[in-house]
Amino acid sequence: MAGKAAAPGTAVLLVTANVGSLFDDPENLQKNWLREFYQVVHTHKPHFMALHCQEFGGKNYETSMSHVDKFVKELLSSDAMKEYNRARVYLDENFKSQEHFTALGSFYFLHESLKNIYQFDFKAKKYKKVTGKEIYSDTLESTPMLEKEKFPQDYFPECKWSRKGFVRTRWCVADCAFDLVNIHLFHDASNLVAWETSPSVYSGIRHKALGYVLDRIIDQRFEKVSYFVFGDFNFRLDSKSVVETLCTQATMQTVRAADTNEVVKLIFRESDNDRKVMLQLEKKVFHYFNQEVFRDNNGTALLEFDKELSVFKDRLYELDISFPPSYPYSEDSGQGRQYMNTRCPAWCDRVLMSPSARELILKSESEEKVVTYDHIGPNVCMGDHKPVFLAFRIAPGAGKPHAHVHKCCVVQ
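Rules and cut-offs
Residues numbered from 1 in each chain as written. Predicted model: local features only at pLDDT ≥ 70, side-chain atom pairs only at ≥ 80, totals over all residues. Heavy atoms only, no water. UniProt positions renumbered as here; feature names shortened; annotations may be inferred. Buried < 20%, exposed > 50% of the residue type's maximum accessible area, 1.4 Å probe, protein only. Helix = DSSP H or I, 4+ residues; strand = E, 2+ residues; numbered from the N terminus. Contact = heavy atoms within 4.5 Å. Polar contact = N/O pair within 3.5 Å; in protein donor to acceptor, adjacent residues only side chain to side chain. Core = buried A, V, L, I, M, F, W, Y, C linked by side-chain atoms within 4.5 Å. Salt bridge = Lys/Arg side-chain N within 4 Å of Asp/Glu carboxyl O. Lys, Arg positive; Asp, Glu negative; His and termini not counted. Disulfide = S-S within 2.5 Å.

With an unreviewed UniProt entry as reference, the chain is termed inositol-polyphosphate 5-phosphatase, source organism Lynx canadensis. The Sequence similarities (unreviewed entry) field of the UniProt record for the chain holds the comment "Belongs to the inositol 1,4,5-trisphosphate 5-phosphatase type I family."

Caption draft 1: View of helix α6 (residues 239-246). Along α6, the residues that are buried comprise Ser239, Ser241, Val242, Val243 and Leu246. The inward-facing, buried residues of α6 contact α4 (191-196), β13 (263-270), β14 (277-282), β15 (285-288) and α7 (292-295).

Caption draft 2: Representation of the environment of Cys381. Following the sequence through the fold, Cys381 ends up in the loop between β17 (372-375) and β18 (388-394). Placed 312 residues apart in sequence, Cys381 and Asp69 show a C-alpha to C-alpha distance of 22 Å.

Caption draft 3: The arrangement of the environment of Thr102 in detail. The topology assignment puts Thr102 in the loop between β3 (84-91) and β4 (105-111). For Thr102, a relative accessible area of 0% corresponds to the buried category. Sequence spacing of Thr102 and Gly165 is 63 residues, and the spatial spacing of their C-alpha atoms is 5.8 Å. Setting aside anything within four residues of it in sequence, one finds Thr102 in contact with Asp92, Lys148, Glu149, Lys150, Arg163 and Gly165. A distance of 2.6 Å separates a polar atom in the side chain of Thr102 from a polar atom in the side chain of Asp92.

Caption draft 4: Summary view of the nonpolar core. Core analysis: the biggest nonpolar cluster contains 65 residues, and Phe48, Leu180, Phe228 and Leu390 have the highest contact counts within it. No other element matches the 4 residues that β18 contributes to this core. Here Phe228 is in contact with Leu14, Phe178, Asp179, Leu180, Val181, Leu352, Met353, Ala357, Ile361, Leu390 and Phe392, once residues within four sequence places are set aside. The next biggest cluster of nonpolar side chains, apart from the first, holds 35 residues, and it includes Val40, Met81, Val89 and Ile376.

Caption draft 5: Structural context of the pattern of salt bridges. Tallied over the entire structure, the rule returns 21 salt bridges. Residues Lys148 and Asp92 are paired through a salt bridge, measuring 3.0 Å at the closest nitrogen-oxygen approach. Highlighted residues: Lys148 in strand β8 (residues 147-150) and Asp92 in the loop between β3 and β4, separated in sequence by 56 residues. Residue classification places Lys148 among the buried residues on the basis of a relative accessible area of 13%. Residues joined by salt bridges that share partners form a network here, namely Glu147, Glu149, Arg168, Arg170, Asp179, Arg216, Asp219 and Arg221.

Caption draft 6: Molecular detail of the side chain of Asp232. With respect to the helices and strands, Asp232 occurs in strand β11 (residues 226-232). Summary of buried charges: Asp232 has no salt-bridge partner, and the nearest side chain of opposite charge, Arg236, is 6.1 Å away. Among the polar contacts listed, one links the side chain of Asp232 to the side chain of Asn18, at a separation of 3.0 Å. Setting aside its immediate chain neighbours within four residues, Asp232 contacts Thr16, Asn18, Gln54, Ile183, His184, Leu185, Cys348, Asp349 and His385.

Caption draft 7: Region of interest: unusual backbone geometry. Looking along the chain, the bond that leaves Ser198 and enters Pro199 is cis, with omega of 0 degrees. Along the chain, Pro199 falls in the loop between α4 and α5 (201-217). Cis rather than trans, the peptide bond between Tyr327 and Pro328 has omega equal to 0 degrees. By secondary structure assignment, the location of Pro328 is in the loop between α7 and β16 (349-353). A positive phi is found at Lys125, a non-glycine position, where the angle reads about 60 degrees. A relative accessible area of 51% means that Lys125 is categorised as exposed. Backbone geometry at Asn297 places phi at a positive 50 degrees, although glycine is not the residue there. Turning to its location among the elements, Asn297 is positioned in the loop between α7 and β16.

Caption draft 8: Broad picture of the state of the cysteines. Summed over all chains, the structure comprises 0 disulfides. Take Cys348: it sits in no disulfide, and the sulfur closest to it among the cysteines is that of Cys344, at 9.8 Å. We classify Cys348 as buried; its relative accessible area is 0%. You can see Cys381 has no disulfide; the closest cysteine sulfur is in Cys53, sitting 16 Å from it.

Put into structure tokens, the structure is as follows:
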């Protein structure tokens, strides 16, 4: 690339990261995580950057507050970010409010060279010019610059206290208006239940919640704009199909609890004489004897079992996945490539977009590859999730036909 002029347009970097592990073991994980994140920033040199975090503050939120402050301060003041002279940070820290708490953290960074950037005020229904660095936390419900909702408890009744929900902001960059939605959908509570039906009951719960979000962001209250939805969707591979494929030649043994007769374990053994265990399946155990199948060629052979997005094929678009499943990685800081034997590895962390956002991205494709969809820290422990990012450029004038509609030039 030496000697070549930079590609035209406005460089955008969208990153999603479930960061719960970083706050449970900050001494070992945060430094590596930040180094890998800064490397991606340095490589793609975005003018506008969004970092959507889930499980911000970790599982033991009450004891992690000091780590949260340190992490935010580091992101806002590090040398690697010194050219980003404007920022907006929205942290849902109000963990005492069970009906509202989502543990979502949304960071937006603006490069000093970027002129005329506006953020939408949902209450006033107009765009406001972004200046300086501001942090909003505790009760985000009263912040007019975003919309936030936690999913109703009855969406996922078996989980007594869920933190799943979404936060939406709207931006106007280079005359292009778009929504950015930070989302965290429901997980699989039990591998055994996920295995019972195809598609699984959990897949249906995620489908309902994501449909709710999409309906919400295109309802009649505001003008429709392009949107990017990125976060931890908790999408899983179709368990029944995966197990049948991985254990085609195996025989299955069912282990039941003596007192309730409930199935507590499934053991799949090779059919030949040595009867080697291929897969052990329990509520929170998915122990397959050969993890390489999830890493070989980035796990591409398993993408056919990644079916949950197909329900939304007319509403959401995704670039081709060419990275291995993003979860559940070992949280041992010395095990950067190893998966935990707790869940079937899956592409939980994604960057999805509306059809009009797809057009925005593909318009900017030139002879050089300016669109990248990948994961961060392939060989480094980043916690149980690898962050996933989308880097692209908004072509000059891409949003011009609609500029008058967006009223981006209205400065308040």
